[in-house]
Amino acid sequence: MGNSIIEPHREDFPLLMSLDAAYLDNAATSQKPYCVIDAERDFYKRLNSNPLRSFYDLSISATDSYENSRENVRKFINAKSTKEIVFTNNATSSINLVAYSYGLSNVKKGDRIVVAISEHHSNMLPWQMVAQTTGAELEYMKCDSAGVYSDEEIYRCITPNTKIVAVAVISNVTGSKAPIEKIISTAHANNAVVMLDGAQSVPHTKTDVQQLDADFLAFSAHKMLGPMGVGVLYGKEDLLEKMPPFLRGGEMIESVRLDRATFAELPHKFEAGTVNAAGVFALSSAIDYYNNVGIDNMERREQYLTNYAYQKLSKIPHVNVIGSSDPYNHSGILSFTIDNVHPHDVSAVLNQDNICIRAGHHCAQPFLAHLGIRSSSRASLMFYNTEEEIDKFVQSVASVRKLMGYGD
Amino acid sequence: MNSRNFYNEVLTDHNINPAHKREIENPNFELEGVNPNCGDDIILKLRVDDGIITDGGYVGDGCAISQASADIMLDLVIGKSTEEARRLAEMFFGMIKGTASDDEIEQLEEAGALKDISHMPARVKCAVLGWHTLDDIIDKV
Ligand SMILES: Cc1ncc(COP(=O)(O)O)c(C=O)c1O
C-alpha cells in the first residue's frame with residue numbers, strides 16, 4: 001500500500017517461471033500472464049464464431065465479448081466513447097490508418113508535417129509517405145542528447161501551416177517522456193492534430209486521453225501483457241467521423257450497391273474484414289490484470305528497478321548510457337554502448353550468460369544518427385523483473401570488454 | 001556451443017588490431033557489402049594485377065565477427081590468384097555450412113578459427129560478409 005514496492009508477480013507468468021534466462025527485452029514485447037493466455041484459448045473454446053455478422057446466439061456472444069473488450073479499453077485510457085476505440089493489428093497499423101486516411105485527405109502542398117526525430121520508424125515512415133504523396137514539407141523536431149525537446153524547438157517547428165505533429169509519448173530508445181502537453185497545446189493553437197505513439201507509454205504509465213486532449217493515440221496489445229496481432233487506435237470522434245475508410249470490404253459497410261457503398265458507423269468503419277476477436281478478448285483480460293495489480297503500483301516498481309539498474313550500469317567503466325542522467329526519465333529503458341564493442345557482440349556475450357536484451361538500431365535509425373551513434377544495446381524492464389536479474393545483467397555487461405580482448 | 005569461448009584470441013586480435021582495415025594505394029576493384037539486418041557494413045578494395053591479388057584493404061563498421069573475418073580473409077588471399085581466392089571462399093562457405101573436411105579447414109589457416117560459427121545461425125551472415133563481397137568482386141575481375 002501507499003508507496004511500497006509491489007512483488008514481481010512472477011508466478012502469474014508461465015514463461016518467466018520456466019525460462020532459465022533473464023528477460024530484459026520488454027520494450028520489444030512483454031510476457032503474458034496466465035489470464036491472457038487462457039482468455040485467447042477460451043475464446044476459441046467457448047465463443048468462436050464470426051462476431052458482428054450473424055444473429056444466432058453464439059455469434060451474439062462473440063460480438064458481446066468483442067464490444068465489452070472495447071469498453072474495457074475505453075475505460076483504461078479514459079476515452080469519451082467506444083466510438084473512439086478502433087481495433088487494428090498493432091501500433092504500426094494504427095498509425096498507418098491515420099496517415100492514409102486522415103493524412104492524405106487533410107494535408108496538401110505547402111502544408112507542414114512535424115515529426116519528432118526520436119520517433120520509431122512506425123511513426124516516421126507513414127509521414128514520409130504523406131509528405132511525398134502530397135508535396136507537403138516534412139520538418140523534424142530535434143531533441144538534445146538527453147532526449148529533451150525544448151519549448152523553443154517546439155515553437156520553431158509547429159507553425160500555422162502545420163497540419164500534423166507525430167511524436168511518441170515515451171521513446172523506445174532513451175525512455176524519455178516527450179513534453180506532450182506542450183506539443184499538443186501548441187499544435188492545437190495552430191489548428192494541427194497530434195499523432196501520439198503510445199506503444200511504450202500505455203503499458204507503463206496511466207494514460208488519460210481526455211485530460212491530454214489527445215487527437216490520435218496508437219498502441220500495441222503485445223507490449224502490455226496482451227497478445228500479438230492486436231493494436232488500438234484512439235481517435236477523437238469528430239476527427240474519425242470525417243475520415244474516409246482506410247481498408248474496404250466486409251464488416252465496415254452499411255449498404256453496398258454496384259457502384260457505391262455507404263459505410264458503417266464508428267468504429268466499425270475502420271475495422272474491415274474479420275477481426276482478431278480472440279486477441280481483443282485477451283487484450284481485455286490483460287487490462288483486467290493491470291486494473292487488479294494497479295498500473296501505478298507497476299510503474300512505481302518499474303521506476304524502482306530502473307533506478308537500481310541505472311546506478312549500477314552507469315558506473316561500469318567504458319559503458320555509456322544513452323539519454324537522460326536522471327534514471328526517473330528512462331521509464332524502464334536503458335540503452336547503452338560499450339566503447340569499441342559492437343552491440344551485436346554485447347548481446348552475444350549476454351546471451352551466453354542467459355540474458356535477453358536487444359541490439360541494433362531499435363527501428364530508429366535517424367534518431368541514433370542524431371545522437372551520433374550507429375547502434376546500441378538496450379535493456380528494458382517490466383515490473384516482473386527482479387534485482388537478481390539486474391545484478392546478473394550488470395555483471396555480464398561488466399565482463400564484455402575483457403572477453404573481447406581488451407585489457408580492462 | 002559456448003559463445004564465450006567463441007571470441008577466441010585469433011578473433012579478438014584481428015578485431016582490435018586489424019592489419020588490413022585501411023585504405024590501399026591504387027585499388028582497381030571496390031565493392032560494398034552490407035547486412036541490412038544488423039547493419040554490418042564493409043567496403044572492400046583490391047589491387048589485382050595479372051590475375052593476382054597484390055593488395056587489399058577494407059573499411060567499415062560492424063560486429064567483431066564481421067570485421068575480424070574480413071581481416072583474416074585478406075591475410076589469406078593477398079598474394080594469391082583470384083581463382084585461388086575463389087576456391088578458398090568456397091571452402092569457407094563450406095566450413096560455415098559444416099560440410100568442409102578437416103583438410104580444407106586446415107587450408108583456411110586462421111579463418112578456421114571461425115568454424116564454430118556453423119552452430120550460431122544468427123552470426124553466419126556476419127562471418128561470410130567479407131567473403132561474399134570478395135566473391136562478388138572477383139566476378140568483375
Ligand atoms: C515507440 C514504438 N512505436 C511503435 C512500435 C511498433 O509497434 P508494433 O510493432 O507493435 O506495431 C514500437 C515497438 O516496436 C515502439 O517501441
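Residues numbered from 1 in each chain as written. Chains lettered and ligands numbered in written order. Predicted model: local features only at pLDDT ≥ 70, side-chain atom pairs only at ≥ 80, totals over all residues. Heavy atoms only, no water.

K.L.:
When you look at the interface of chain B and chain A in this model, what are you seeing that I'm missing?
P.N.:
Accessible area lost when the parts come together is the quantity often used to give the size of an interface. Contact residues are listed per partner, giving 18 residues for chain B and 14 residues for chain A. In total, about 1400 Å² of surface goes out of reach between chain B and chain A, with carbon and sulfur atoms giving 50% of it. Viewed at the interface, chain A and chain B are joined by three salt bridges. Aspartate 61 of chain B is the partner of arginine 374 of chain A in a salt bridge, and the nearest nitrogen-oxygen pair spans 2.7 Å. For the interface between chain B and chain A, the tally reads four residue pairs in polar contact (both at pLDDT 80 or more). If you list the elements that add at least two residues to the side of chain B that touches chain A, you get helix H1 (3-6), helix H2 (9-16), strand S2 (40-49) and helix H3 (64-77) of chain B. Tallied by class, residues from the side of chain B that touches chain A come to seven nonpolar, six polar and five charged. (Contact = heavy atoms within 4.5 Å. Buried area = accessible area lost by both parts, 1.4 Å probe. Salt bridge = Lys/Arg side-chain N within 4 Å of Asp/Glu carboxyl O. Polar contact = N/O pair within 3.5 Å; in protein donor to acceptor, adjacent residues only side chain to side chain. Helix = DSSP H or I, 4+ residues; strand = E, 2+ residues; numbered from the N terminus. Nonpolar A, V, L, I, M, F, W, Y, C, P; charged D, E, K, R; others polar.)

K.L.:
What exactly am I supposed to notice about the site of the ligand here?
P.N.:
Residue and element names in this part refer to chain A. Taken together, the residues surrounding the ligand are Asn90, Ala91, Thr92, His120, Ser122, Asn172, Asp197, Ala199, Gln200, Ser220, His222 and Lys223. In the environment of the ligand, an oxygen atom lies 2.7 Å from a nitrogen or oxygen atom belonging to the side chain of histidine 222. Separating an oxygen atom of the ligand from a side-chain N or O atom of lysine 223 is a distance of 2.8 Å. For the ligand, the protein covers 86% of the area, taking 390 Å² as the surface of the free molecule. Among the residues forming the shell around the ligand, the class breakdown is two nonpolar, eight polar and two charged. (Near = heavy atom within 4 Å. Areas by Shrake-Rupley, 256 points an atom, 1.4 Å probe, with all protein chains shown as cover.)

K.L.:
Mind showing me how you'd approach the domain arrangement of chain A here?
P.N.:
All names here are of chain A. When its domains are assigned, chain A resolves into domain 1 (10-31 + 294-403) and domain 2 (36-291). The distance between the C-alpha centroids of domain 1 and domain 2 comes to 28 Å. Of the roughly 2900 Å² buried where domain 1 meets domain 2, counting both sides, 58% is carbon and sulfur surface. On the domain 1 side of the contact with domain 2, Ile295, Phe367 and His370 bury the most area, a combined 20% of that side's loss. Summed over the shared surface of domain 1 and domain 2, the result is zero salt bridges. Here domain 1 and domain 2 share 20 residue pairs in polar contact (both at pLDDT 80 or more) between them. Take the side of domain 1 that touches domain 2: its biggest share by element is six residues, from helix H13 (residues 365-371). (Domains from an automatic or database assignment.)

K.L.:
Please explain the side chain of aspartate 345 of chain A as it appears in this structure.
P.N.:
Tracing the chain through its elements places aspartate 345 of chain A in helix H12 (residues 343-352). There is a polar contact of 2.4 Å between the side chain of aspartate 345 of chain A and the backbone nitrogen of alanine 64 of chain B. Side-chain polar atoms of aspartate 345 of chain A contact the side chain of arginine 123 of chain B, separated by 2.8 Å. Apart from the residues within four sequence positions on either side, aspartate 345 of chain A is in contact with Met404 of chain A together with Tyr7, Cys63, Ala64, Ile65 and Arg123 of chain B.

K.L.:
Sorry, what's going on with the packing of helix H3 (residues 57-77) of chain A against helix H10 (residues 277-293) of chain A here?
P.N.:
Pairs of packed helices are described in terms of their axes, by the angle between the two and the distance that separates them. Residue and element names in this part refer to chain A. For the pair H3 and H10, the least separation of the axes is 9 Å and the interaxial angle reads 40°. Our classification of the angle between H3 and H10 gives oblique. The chirality of how H3 crosses H10 is left-handed. Facing H3, whose interface residues are Ser65, Tyr66, Ser69, Asn72, Val73 and Phe76, H10 presents Ala277, Val280, Phe281, Leu283, Ser284, Ile287, Asp288, Tyr290 and Asn291. Across the contact of H3 with H10, the residue classes tally to nine nonpolar, five polar and one charged. (Axes fitted to C-alpha atoms, helices over the stretch in contact; angles between N-to-C directions. Parallel < 35°, antiparallel > 145°, perpendicular 65-115°, else oblique. Left-handed = near helix turned anticlockwise from the far one by under 90°.)

K.L.:
Before we go on, may I ask you to explain the packing of helix H11 (residues 295-313) of chain A against helix H14 (residues 387-403) of chain A in this structure?
P.N.:
All names here are of chain A. Put simply, H11 and H14 touch, their axes get as near as 10 Å, and they point 25° apart. Regarding the angle of H11 to H14, the classification is roughly parallel. By crossing handedness, the relation of H11 to H14 is classed as right-handed. Side by side, H11 and H14 meet where Arg301, Tyr304, Leu305, Tyr308, Ala309, Lys312 and Leu313 of the first sit next to Glu387, Ile390, Asp391, Phe393, Val394 and Val397 of the second.

K.L.:
Hey, could you run me through helix H4 (residues 91-106) of chain A in this one?
P.N.:
Residue and element names in this part refer to chain A. Over its 16 residues, H4 extends 21 Å from the first C-alpha to the last, a length consistent with the 22 Å expected when each residue adds 1.5 Å. Taking the largest bend as the criterion, H4 deviates by roughly 25°, centred on alanine 99. Of the residues making up H4, those classed as buried are Ala91, Ser93, Ser94, Ile95, Asn96, Leu97, Val98, Ala99, Ser101, Tyr102 and Gly103. A side-chain oxygen of the first residue of H4 lies 3.2 Å from the backbone nitrogen of threonine 92; this N-cap is asparagine 90. (Expected span 1.5 Å × (residues − 1). Bend = angle between axes of the 7 residues up to and from the residue. Buried < 20%, exposed > 50% of the residue type's maximum accessible area, 1.4 Å probe, protein only.)

K.L.:
Any chance you could explain the packing of aromatic side chains here in plain terms?
P.N.:
By convention here, two paired aromatic rings are described through the distance between centres and the angle between planes. Residues and elements named next belong to chain A. Taken as a whole and assessed by the stated rule, the structure comprises 14 aromatic pairs over all chains. Between phenylalanine 13 and tyrosine 289, the ring centres sit 5.8 Å apart and the planes meet at 80°, which makes this aromatic pair edge-to-face. Note that phenylalanine 13 is positioned in the segment before helix H1 (14-18) and tyrosine 289 in helix H10, a separation of 276 residues in sequence. Taken individually, phenylalanine 13 and tyrosine 289 each receive the classification buried, so the pair is uniform in this respect. Ring-pair connections join several aromatic residues into one group, and the members of that group are Phe13, Tyr289, Phe383 and Tyr384. (Phe/Tyr/Trp six-rings, centres within 6.5 Å; stacked < 30°, edge-to-face > 60°.)

K.L.:
Looking at this structure, how should I read the pairing of strand S8 (residues 231-235) of chain A?
P.N.:
Within a regular strand, side chains alternate between the sheet's two faces. Residues and elements named next belong to chain A. The element S8 is largely enclosed, with a buried count of five among its five residues. Here S8 shows two buried faces, one formed by Gly231, Leu233 and Gly235 and the other by Val232 and Tyr234. Note that strand S7 (residues 216-220) and S8 share five bridges and pair antiparallel. Within S8, the position partnered with phenylalanine 219 by the bridge is valine 232. (Pairing = 2+ DSSP bridges.)

K.L.:
I keep staring at a negative patch on the surface and nothing clicks. Help me out?
P.N.:
All names here are of chain B. Together, Glu9, Asp13, Asp75, Glu109 and Glu110 make up a negatively charged patch on the protein surface. Along the chain, the position of glutamate 109 falls in the loop between helix H5 (102-107) and helix H6 (121-140). Under the relative-accessibility criterion, glutamate 109 is labelled exposed at 54%. (Patch = residues over 30% accessible without salt bridge, like charges linked within 9 Å, V, L, I, M, F, W, Y side chains within 5 Å. Lys, Arg positive; Asp, Glu negative; His and termini not counted. Charge placed at Lys NZ, Arg CZ, Asp CG, Glu CD.)

K.L.:
I'm lost on the layout of surface pockets in this one. Help?
P.N.:
To locate leftover empty space, one rolls a probe as large as a water molecule over the atoms. Quantified by volume, the largest pocket comes out at close to 600 Å³. In this structure, the largest pocket is lined by 31 residues; those nearest its centre are His344 of chain A together with Cys38, Ala122, Arg123 and Cys126 of chain B. Residue assignment for the lining of the largest pocket shows that the elements contributing at least two residues are H12, strand S14 (358-360) and H13 of chain A together with H6 of chain B. Taken together, the residues that form the lining of the largest pocket break down as 12 nonpolar, 14 polar and five charged. The volume enclosed by the second largest pocket comes to roughly 400 Å³. Taken together, 24 residues form the lining of the second largest pocket, with Asn340, Val341 and His342 of chain A together with Asp61 and Gly62 of chain B sitting closest to its centre. Mapped by element, the contributors of at least two residues to the lining of the second largest pocket are strand S12 (333-338) and H12 of chain A together with H2, strand S3 (52-61) and H3 of chain B. No other element matches S3 of chain B, which puts three residues into the lining of the second largest pocket. For the lining of the second largest pocket, the residue count by class is 10 nonpolar, nine polar and five charged. (1 Å grid on protein atoms, 1.4 Å probe; cavity = no way out; pocket = protein on both sides within 12 Å on 5 of 7 lines; lining within 4 Å. Points joined across faces, edges and corners; volume = space filled by probe spheres on them.)

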